[in-house]
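# Fold and geometry: a report
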Number of protein chains: 2
Amino acid sequence: MIPQTLKPYVIGLDLGGTNSVFGIVDSRGDIKATTAIKTQAYDNVEDYVKASIEALNIIIDQVGGIENIKAMGIGAPNANYYKGTIEFAPNIAWAHSCCVPLAEMFSKELGVPVAITNDANAAALGEMNYGVARGMKNFIMLTLGTGVGSGIVINGQMVYGCDGFAGELGHVIMRRDNGRSCGCGRTGCLEAYCSATGVARTAREFLSTSDMPSLLREYKPEDITSLEVSIAAGKGDELAKKVYDFTGEMLGEACADFAAFASPEAFVFFGGLTKAGDLIMEPIKKSYDEHVMPVFKGKAQFLISGLDGSSAAVLGASAIGWDIQE
Amino acid sequence: MIPQTLKPYVIGLDLGGTNSVFGIVDSRGDIKATTAIKTQAYDNVEDYVKASIEALNIIIDQVGGIENIKAMGIGAPNANYYKGTIEFAPNIAWAHSCCVPLAEMFSKELGVPVAITNDANAAALGEMNYGVARGMKNFIMLTLGTGVGSGIVINGQMVYGCDGFAGELGHVIMRRDNGRSCGCGRTGCLEAYCSATGVARTAREFLSTSDMPSLLREYKPEDITSLEVSIAAGKGDELAKKVYDFTGEMLGEACADFAAFASPEAFVFFGGLTKAGDLIMEPIKKSYDEHVMPVFKGKAQFLISGLDGSSAAVLGASAIGWDIQE
């Protein structure tokens, strides 16, 4: 048997509401083999795990057997790192209840350690292991997608907090008066402004409160998503650019507060919004410089994820495996 | 020689603008011997350290010699933990420049490891070693004094950030529009509202914008400090109580944001304002419950420091000594 420390691969599982994508990954982030199943084609978690193992066994054989696998990491919604469970996941039929012990179930079948955390924490671990945060001990990952997620690394460790749910930076309050309603039931959250849906809301607001000409006026307001805003901005549309300015300004203000907390060496951004490149990154940096406490000025880098979007989630999940302490 | 691990004491130095107080402390937080010198009676740092060592040698002898001392911790303004320096401390004549290598200077004279950090971080380490945060891995210390300081513990470790200056929670922005000016040069900081001076400002504002009767109207506005507010509140003065409600409400909102970051098991409060007891703690807890993200509700304790105010700073400084990794 190969000594534990020499096992060259980890398994990553990106568990989404539709697909469950598995990858076997080496320490440099090369995906050696991959497979997938439909997340909700199974009536219960036992059948889901059984189908997963059947699919996994084929790719495990391709890399020389389970002896070559150090551990498995799972990135999943509503995941509790400490308990190894998924709790009340609204979009996964077999995980509506508390608590599905998914890590233990996989570990029992595979005979390797298994850990689970949410997608944004997985993304942060992915950047730390394979991406732009390699070698960093203190950084904050912000995922700008349907929501705003975050993964925080301090002293080289993920921040899970007392309950496994720390790092909900999409839900710090940015507008204490007349804030937008947020999916979490409160108002004024960062996510309500700086997620993809927040960007679309901002565009609709700007269209209805100004007479500025804009390509976005060709759409019905309810048909505008962050994609239309992105396309319009790419064509030089001034109103669309203002939407990015507004979004970046708020992200910069939020990061200034995060610096007062953790003084990170970098903020790493991931997700659809980052495709706008400088259109979003420049306003973020400008606003940060304007708002951050003087002692922190000029210390943090602002980076875009170094991982390929299509494989980032599996890489992030696999990185949880490297992070397991034995 | 006694093996390193059996050395029973650490030295703590509470380095203030007026006095430098030294204590020799055991692992339970009992102060075995104490001495002090005037911080600014010396023209330069060399003379300051020389005088310190002369004073220290007497109490070191009282505990059986330097063989019994594991390490020394220093709590000081503008301290950089990573570099072991004091940088641009406005209130200490011999530390106006960058950078006074105080840790190294003491270490060279004493022959034991020496570490330095700011007062609020020292306070957090004090609570973790001897106070109400014993055994906690994730908590946030908030010191409510002339300013609002903070010390953050995550995964059982102090958060120093990339530069040694993390944990400036007094300078997160609580009012983004028309915020009060803050000593840091910005506006709307938590400190501008919830420090002792912030509380006095709130009282003056409430007096000038309402006709509510109040014992505080007996003073000239410029003579009102947090002490007068505290005395009035203690006598049941409604306006003074409203000042505490306002202050507690904002602290609760701030803690709700901090929970989204770190999900701590406790918030620990220290400093003059905590002497108001339930008058300040109840509004904090009520506001926190109203504002925190549902997933974190009911998880964090709200505690008042367990350390005696007069010795807390020396105990905190000494705790830095226990924290040194060898």
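Before reading further, recall that the structure is shown in the block above.
As the structure is a prediction and not an experimental result, all values here were calculated from the model.

### Thoughts on the overall build of chain A
If you tally the helices and strands in chain A, you get nine helices and twelve strands. A globule of 326 residues ought to have a C-alpha radius of gyration of about 20 Å, and chain A, at 21 Å, matches this closely. With the C-alpha coordinates of chain A rotated into their principal frame, the extents come out at 70 × 45 × 35 Å. When the 326 residues of chain A are sorted by exposure, 57% land in the buried category.

### A few points about unusual backbone geometry
All names here are of chain A. Omega for the peptide link from Cys 98 to Cys 99 comes to 0 degrees, which places this bond in the cis form. With a phi close to 55 degrees, Asn 155 is a non-glycine residue in the positive phi region. Within the fold, Asn 155 resides in the loop between strand E9 (148-154) and strand E10 (157-158).

### Comments concerning empty space enclosed by the protein
Counting across every chain of the model gives one cavity of 30 Å³ or more. There is about 130 Å³ of room inside the largest cavity. In the lining of the largest cavity, the residues fall into ten nonpolar, no polar and three charged.

### Things to note about the packing of helix H3 (residues 119-130) of chain B against helix H9 (residues 309-323) of chain B
Residue and element names in this part refer to chain B. One can describe the packing of H3 onto H9 by two numbers: an axis separation of 7 Å at closest approach and a directional angle of 75 degrees. Between H3 and H9, the interaxial angle falls into the category roughly perpendicular. Residues Ala 122, Ala 123, Leu 125, Gly 126, Asn 129 and Tyr 130 of H3 lie in contact with H9, whose contacting residues are Leu 315, Gly 316, Ala 317, Ser 318, Ala 319, Ile 320, Trp 322 and Asp 323.

### Topic: the relation of the copies chain B and chain A
For the pair chain B and chain A, the relating rotation is 180 degrees, the translation along its axis is 0.0 Å, and the fit reaches an RMSD of 0.0 Å. Read as a symmetry element, the transformation amounts to a two-fold axis. Relative to the rotation axis, the C-alpha of B:Ile154 is the closest in chain B, positioned 4.0 Å from it. Interface residue correspondence from chain B to chain A reaches 100%, placing this contact among same-surface, isologous pairings.

Basis of the calculations
Residues numbered from 1 in each chain as written. Chains lettered and ligands numbered in written order. Predicted model: local features only at pLDDT ≥ 70, side-chain atom pairs only at ≥ 80, totals over all residues. Heavy atoms only, no water. Helix = DSSP H or I, 4+ residues; strand = E, 2+ residues; numbered from the N terminus. Rg over C-alpha atoms; globule rule 2.2 N^0.38 Å. Buried < 20%, exposed > 50% of the residue type's maximum accessible area, 1.4 Å probe, protein only. 1 Å grid on protein atoms, 1.4 Å probe; cavity = no way out; pocket = protein on both sides within 12 Å on 5 of 7 lines; lining within 4 Å. Points joined across faces, edges and corners; volume = space filled by probe spheres on them. Nonpolar A, V, L, I, M, F, W, Y, C, P; charged D, E, K, R; others polar. Axes fitted to C-alpha atoms, helices over the stretch in contact; angles between N-to-C directions. Parallel < 35°, antiparallel > 145°, perpendicular 65-115°, else oblique. Contact = heavy atoms within 4.5 Å. Least-squares fit on C-alpha atoms with pLDDT ≥ 70 in both.

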